[in-house]
Amino acid sequence: MSNTTLSGLPLTRRGVLTAVTAAAAAHTILRPSQASATRRRHAYDVIVVGAGFAGITAARDLRRKGLRVLILEARNRIGGRTWTSTFQGEQVEMGGVWVDPMQTHVWQEIEDQGIGLVADPEADRALFPTATGFGYFSPEEAFGRQGELLTQFCEQAPQVFSDPTDPMAQADVLRLVDSYSIRDRLNAMGLSTLDEKWLSGATGGLGGGSDRGAYTQFLHWWALCNYNAEQYYGINTFRPAGGMTGLAQAILNEAAADLRLNSPVRSITDNGREVTVRTRAGMSYTASSVVVAVPVNVWNTIDFAPGLSLQRRRASSETFGVPGAQKFWLRLRTSLGNTYVHTPDGYPVDTLVPIKQLADSQLMVGFSNDRRLNVNNVAQVERAVRLVVPDARVLAVKGQNWGADPYARGGWSFRRPGQLTGLLDAIQRPQGRISFATSDIASGWSGYVEGAIESGLRAAEQVTHYAFR
């Protein structure tokens, strides 16, 4: 891997076909709040629930407006579905990781913070399905053919998403296809058995399976990549050199907000004049407004009074974050070498991406949507990998089951059929003095840190007018 600065990026990048989502943080600096121009009887003007990128972005924006902010975070770390850790002596990301120049908010953030970048290496070859199992291909052959299939799969994207930053710009056209699942689109294409294997894992695997994921979610990502296969492959190439932890901490430092870790929220009550937040430990805080910056899948675990809107309850029950999403790092001894591994929809391991050649093995990162797979069990991971790479020997593994995380209940966001046209606009709006922020409900890069930052900025703007009353 090579360290790279923003001014020296290569013009051509090839990443991987795994759009993930979410990770980062471990160490936190607690900063005392400072007096604002709008002093009240409350200790805080705004309470932010959740210290992921959406929450800390909202907190910083509110602080810049002179408001006093408290952040309540359920975990013992910041970052939400981003989390920088170590494995076998290497820095690794257990959740969201990649950034790209097309993601303007996060890219500008990295530039402003003076944070370097690491460019993940390109694979020397690819292991893709064949008529009889799996076979090796050159990257040009594998991604060239798969790119053609993806282009065909997404041929409606320019009409459905003429402006990718405003997904409802072509609402009438969008409604015609938003009810389709990825499986519906695959079935309509009349693909050969082999072509479907090449395409299904690249589309359905991202959404928790072809039957779960919305066709329009994939179209939206494709549109954000300028309807272009090369740019789509490239979005998962660059990551902050100090990890997502470093980036999140830098934003938090600028927020200068009070932070309470290990403070899961039990209830949020809006009486029309102020909002009271109570933690499971019995602590109570009151402010003029609240930003709820936790994943959609978690909304139903908090008691709201008045209750959540019907659309929000439905969104949380249906899930936006992929419920079975798992990410794992493994030290693998095999003849595989520097090879990108792609499997069809339905395999316990969706993708294996080579990261670094170690002295006696290969460091790889994998993704799975199989809830039966224990991604921290060496034997289970080895059996799953051997379905594709028969001589694989897993020496060590470290994984994160985001679906089992009580404060995530799923991984990267991938909408289900009908949610874009039926829910997104309603759940982006405030509910009384409460606003909501999460990458799940971003208008643009949902499922990426970019989407979390976008959503945090919007929520901060929504609640500001209450704080100044």
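This is a predicted model, so every value here is computed, not measured. (Residues numbered from 1 in each chain as written. Predicted model: local features only at pLDDT ≥ 70, side-chain atom pairs only at ≥ 80, totals over all residues. Heavy atoms only, no water.)

Caption draft 1: Expanded view of the overall build of the chain. Per the secondary structure count, the chain includes 14 helices and 21 strands. On C-alpha atoms alone, the chain measures out to a radius of gyration of 22 Å, which is about the 23 Å that the 2.2 N^0.38 rule sets for 469 residues. Oriented by its inertia axes, the alpha-carbon framework of the chain measures out at about 70 × 50 × 45 Å. Counting over 469 residues, the chain shows a buried share of 63%. Taking all contacts inside the chain whose residues are at least 6 apart in sequence as the whole, residues at least 24 apart take part in 76%. Of the roughly 16900 Å² of accessible surface on the chain, a fraction of 48% belongs to carbon and sulfur atoms. One way to put it: in the chain the 47 positive side-chain charges average out to a point 9 Å from where the 43 negative ones average out. (Helix = DSSP H or I, 4+ residues; strand = E, 2+ residues; numbered from the N terminus. Rg over C-alpha atoms; globule rule 2.2 N^0.38 Å. Buried < 20%, exposed > 50% of the residue type's maximum accessible area, 1.4 Å probe, protein only. Contact = heavy atoms within 4.5 Å. Areas by Shrake-Rupley, 256 points an atom, 1.4 Å probe, with all protein chains shown as cover. Lys, Arg positive; Asp, Glu negative; His and termini not counted. Charge placed at Lys NZ, Arg CZ, Asp CG, Glu CD.)

Caption draft 2: View of the side chain of Arg 415. Residue position: Arg 415 is located in the loop between β20 (393-401) and α13 (419-428). Among buried charged residues, Arg 415 stands out as having no salt bridge; its nearest opposite-charge side chain is Asp 178, 5.9 Å away. A distance of 3.1 Å separates a polar atom in the side chain of Arg 415 from a polar atom in the side chain of His 220. Ignoring any residue separated from it by four or fewer positions in sequence, one finds Arg 415 in contact with Arg 212, Gly 213, Ala 214, Thr 216, Gln 217, His 220, Phe 320, Leu 420, Ala 442 and Ser 446. (Salt bridge = Lys/Arg side-chain N within 4 Å of Asp/Glu carboxyl O. Polar contact = N/O pair within 3.5 Å; in protein donor to acceptor, adjacent residues only side chain to side chain.)

Caption draft 3: Representation of the pattern of salt bridges within the structure. Throughout the structure, instances matching the rule amount to 24 salt bridges. We note a salt bridge from Arg 75 to Asp 405, for which the minimum N-O separation is 3.0 Å. On the criterion of sequence distance, the pair formed by Arg 75 in the loop between β3 (69-72) and β4 (84-87) and Asp 405 in the loop between β20 and α13 is long-range, its members being 330 residues apart. Asp 405 shares its class with Arg 75; the two are buried.

Caption draft 4: The arrangement of the nonpolar core in detail. Of all hydrophobic cores here, the largest spans 83 residues; its most connected members are Ile 47, Phe 153, Phe 218, Ile 268, Val 292 and Trp 299. Ranked by the residues each element gives to this core, the list is headed by helix α8 (residues 215-224), at seven residues. Excluding residues that lie within four positions of it along the chain, Phe 218 makes contacts with Leu 150, Phe 153, Cys 154, Ala 202, Thr 203, Leu 206, Tyr 232 and Phe 414. (Core = buried A, V, L, I, M, F, W, Y, C linked by side-chain atoms within 4.5 Å.)

Caption draft 5: Fine view of the sheet that holds β3. The strand order β10-β3-β2-β14-β21 describes an open sheet built from five strands, whose pairing is parallel. Because the sheet does not close on itself, it has two edges, and the strands there are β10 (258-260) and β21 (434-436). Taking the axes of each pair of neighbouring strands and ignoring which way they run, one obtains an average angle of 20° across the sheet. Relative to β10, β3 runs parallel, the two sharing three bridges. Residue Ile 71 lies in a different strand from β10, and its bridge partner there is Leu 259. Across the sheet, helix α1 (residues 53-64) is in contact with β2 (46-49), β3 and β14 (289-292); its angle to β3 comes to roughly 170°. (Pairing = 2+ DSSP bridges. Axes fitted to C-alpha atoms, helices over the stretch in contact; angles between N-to-C directions.)

Caption draft 6: Main features of the packing of helix α3 (residues 139-153) against helix α6 (residues 182-189). The N-to-C vectors of α3 and α6 enclose an angle of 105°; their axes lie 11 Å apart at closest approach. With respect to their mutual orientation, α3 and α6 come out roughly perpendicular. Contacts between α3 and α6 pair Leu 149, Gln 152 and Phe 153 from the former with Ile 182, Arg 185, Leu 186 and Met 189 from the latter. Partitioned by chemical class, the residues of the contact of α3 with α6 number five nonpolar, one polar and one charged. (Parallel < 35°, antiparallel > 145°, perpendicular 65-115°, else oblique. Nonpolar A, V, L, I, M, F, W, Y, C, P; charged D, E, K, R; others polar.)

Caption draft 7: Quick peek at empty space enclosed by the protein. Per the stated rule, a full pass over the model turns up six cavities of 30 Å³ or more. In this structure, the largest cavity spans a volume of roughly 430 Å³. Within the residue set of the lining of the largest cavity, elements represented by two or more residues are α1 and α14 (449-467). If you tally residues by element for the lining of the largest cavity, the top one is α1, at three residues. Taken together, the residues of the lining of the largest cavity break down into 21 nonpolar, 13 polar and five charged. Its boundaries defined by the atoms lining it, the second largest cavity holds a volume of some 80 Å³. Broken down by element, the lining of the second largest cavity gets its largest block of residues, three residues, from strand β5 (residues 90-93). (1 Å grid on protein atoms, 1.4 Å probe; cavity = no way out; pocket = protein on both sides within 12 Å on 5 of 7 lines; lining within 4 Å. Points joined across faces, edges and corners; volume = space filled by probe spheres on them.)

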